Amino acid sequence: MSNVIHCEDVKKAYGRKAVLNGVFLDVPEGSVIGLLGKNGAGKTTLLKCVLGLLKTDSGKMTVFGEGSWDLSNKAKALIGYVPQGYRPYPWLQAGRLIEYTASFYPHWNAALVDRLVREWDLDLATRVEVLSEGEMQKLLIILALGHEPELLVFDEPVASLDPVARREFLKTILEVVSERKCTIFFSTHITSDLERVADTVAVLRSGKIDFCGGLDELKDEVKRIRVHCPTGALPPLVMEGLVNSYVRGQQAILTVRGYNEGRRQGLEKALGVKVDVEDLNLEEIFLEMSR
Ligand code: ADP
């Protein structure tokens, strides 16, 4: 399986502020990758670099095998992009904007667009400038899907949608992926949405991809360990992969990366006390890793 997006040691700074600090990432064809990072982590910057809207400072970044800064029109035509806070041609009615956008593409799936307009309850007579944030986001998603791109890039696609619209959007994404060859790369800080659609999660932290892999892999790797210490004092711990630790009552609670059964046994032996291991959900993992 070839990679639709390939990033190798990509760096990007705004003035002196380094935002991407050596990003390595591959997005294989047909995958749905959720880029997870807290606000200001650099998600938008990374997506804009991928799309050639921002120039990287160094490193290698390709999309469909072409340098992202020099994408050909052919490659650009294969991409659908939903940016944040974009409101093009505010004086146009929503329906006119759809027609105008469709006129740029030799292939346009009008049936899909009409269906989504109906299902998502969009009023085509409303001018773009008076659409609510959520309606605007729905319209942009529909515009991005109309030409049936091979790569869909969404920047926080559900941020302005209410829970019902979010579910509809996620359902549509799953349909799109199951019906045809499409790769989806989207940023989010909403872990529950990511869990519903993404097969892979890439965590952007401190300007690097801190983890990239399956959700289950991440859940296997990061665990919470409870150490029972009847004295109420935690023996000094030097532990590889320790993400976070605190003491509550007679328990020390540790979050560790790179967990395996051997480490639990080693810890029990070293401390001479009982140790319990708990699974974390994605949101808990994200919170712990963001600290
Ligand atoms: P995210 O999408 O994860 O919230 P962004 O990529 O938007 O993060 O921003 C990453 C950091 O870069 C933030 O601290 C933001 O303030 C800063 N930043 C973004 N765009 C610019 C810019 N054009 N000039 C200077 N700083 C910027």
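Please refer to the structure placed before this passage.
Sequence order as written defines the numbering, with residues in each chain counted from 1. In keeping with the model being predicted, local features are shown solely for residues with a pLDDT of at least 70 and side-chain atom pairs are shown and tallied solely at 80 or more, while totals for entire chains, interfaces and linings include all residues. Side-chain descriptors were evaluated using all non-hydrogen atoms of the structure, hydrogens and water having been removed beforehand.

Caption draft 1: Focus on the overall build of the protein chain. By definition, any uninterrupted DSSP run of H or I lasting at least four residues is a helix, any uninterrupted run of E lasting at least two residues is a strand, and each is numbered from the N terminus. Tallying secondary structure elements over the protein chain gives 10 helices and 14 strands in all. Considering the protein chain as a whole, with its 291 residues, one finds that 48% of them fall into the buried category. Any pair of residues with heavy atoms lying within 4.5 Å of one another is described as a contacting pair. Here the contacts in the protein chain between residues at least 6 apart in sequence split such that 67% fall between residues at least 24 apart. Accessible areas in this description were obtained via Shrake-Rupley with a 1.4 Å probe; residue shielding takes into account the shown protein chains only. By element, 50% of the accessible surface of the protein chain is carried by carbon and sulfur atoms, the whole surface being about 14,200 Å². Only protein chains enter the accessibility calculation, which uses a 1.4 Å probe; a residue whose area is less than 20% of its type maximum is buried, one above 50% is exposed, and one in between is partly exposed.

Caption draft 2: Up close: the site of the ligand. Surveying the vicinity of the ligand reveals the residues Y14, K17, V19, K38, N39, G40, A41, G42, K43, T44 and T45. Side-chain atoms alone can form a polar contact between residues adjacent in sequence; in general such a contact is a pair of N or O atoms within 3.5 Å, and within protein one must be able to donate a hydrogen while the other accepts it. Here G40 contributes a backbone N or O atom positioned 2.7 Å from an oxygen atom of the ligand. Here the ligand, which alone exposes 560 Å², has 58% of that area covered by the protein. Mapped onto the shell around the ligand, the elements with two or more residues apiece are β2 (17-28) and α1 (43-50). A per-element tally of the shell around the ligand places α1 first, with three residues. The criterion for a residue being near a molecule or strand is simple. One of its heavy atoms has to lie within 4 Å of it.

Caption draft 3: Broad picture of the pairing of strand β12 (residues 242-248). Of the pairings in the sheet, the one linking β12 to strand β13 (residues 251-257) comprises six bridges and is antiparallel in character. Residue pairing across strands places Y246 opposite I253, the latter belonging to β13. Pairing between strands is defined by DSSP: at least two bridges between the two strands are required.

Caption draft 4: Broad picture of the packing of helix α4 (residues 110-119) against helix α5 (residues 133-146). Each axis is a line fitted through C-alpha atoms, and for a helix only the stretch in contact is used; angles between axes span 0 to 180 degrees, taken between their N-to-C directions. Where α4 contacts α5, the axes come no closer than 9 Å and their chain directions differ by 165 degrees. One element, α4, and the other, α5, form an angle in the roughly antiparallel class. Of the two possible hands of crossing, α4 and α5 adopt the one that is right-handed. Within the contact between the two elements, α4 uses L112, V113, L116 and V117 and α5 uses I142, L145 and G146. When residue character is reported, Ala, Val, Leu, Ile, Met, Phe, Trp, Tyr, Cys and Pro are called nonpolar, Asp, Glu, Lys and Arg charged, and the others, Gly included, polar. For the contact of α4 with α5, the residue count by class is six nonpolar, one polar and no charged. Angle categories are assigned with fixed cut-offs, so that under 35 degrees is roughly parallel, over 145 is roughly antiparallel, 65 to 115 is roughly perpendicular, and the rest are oblique. Crossings are sorted by hand: turned counterclockwise from the far helix by less than a right angle, the near helix makes the crossing left-handed, and turned clockwise it makes it right-handed.

Caption draft 5: Seen up close, the nonpolar core. L139, F154 and F169 are the most contacted members of the largest nonpolar core, which has 52 residues in total. Sort the elements by how many residues they give to this core and α5 lands first, with eight residues. Boundaries between domains were set according to an automatic or database domain assignment. Counting the residues that make up this core, at least three belong to each of domain 1 (3-213) and domain 2 (218-290). Once residues lying within four places of it in the same chain are set aside, the contact partners of F154 are L47, V82, I141, F169, I173, I184, F185, F186 and S187. Residues enter a nonpolar core if they are buried and are Ala, Val, Leu, Ile, Met, Phe, Trp, Tyr or Cys, with the set joined through side-chain atoms within 4.5 Å. In this structure, V4, V27, L35 and L204 belong to the second largest nonpolar core, which totals 28 residues.

Caption draft 6: Spatial organisation of unusual backbone geometry. Phi at D9 is positive, roughly 50 degrees, even though this residue is not glycine. Structurally, the position occupied by D9 is in strand β1 (residues 3-14). Here the phi dihedral of E148 falls at roughly 50 degrees; this positive angle occurs in a residue that is not glycine. Inspection of the secondary structure puts E148 in the loop between α5 and β7 (151-155).

Caption draft 7: Structural view of the side chain of R264. Along the polypeptide, R264 turns up in helix α9 (residues 261-271). Among the polar contacts listed, one links the side chain of R264 to the side chain of E261, at a separation of 2.7 Å. Ignoring anything within four residues of it in the chain, the contact list for R264 reads Y259, V275 and V277.

Caption draft 8: Examining the sheet that holds β13 more closely. Spatial ordering of the open sheet is given by β12-β13-β11-β14, a layout of four strands whose pairing is antiparallel. Strands at the two margins of the open sheet, each flanked by one partner only, are β12 and β14 (275-278). Taken over all neighbouring pairs, the strand axes of this sheet differ in orientation by 20 degrees on average, direction set aside. Bridge count for strand β11 (residues 222-228) against β13 is seven bridges, and the pairing is antiparallel. Bridge pairing in β13 places K223 opposite V256. Sheet contacts for α9: β11, β13 and β14; angle to β14, the most-contacted strand, approximately 150 degrees. Its contacts with the sheet place helix α10 (residues 282-290) against β11, β12 and β13, and it is angled at close to 80 degrees to β11.

Interpretation note: all reported values are geometric properties and have no functional meaning in isolation.
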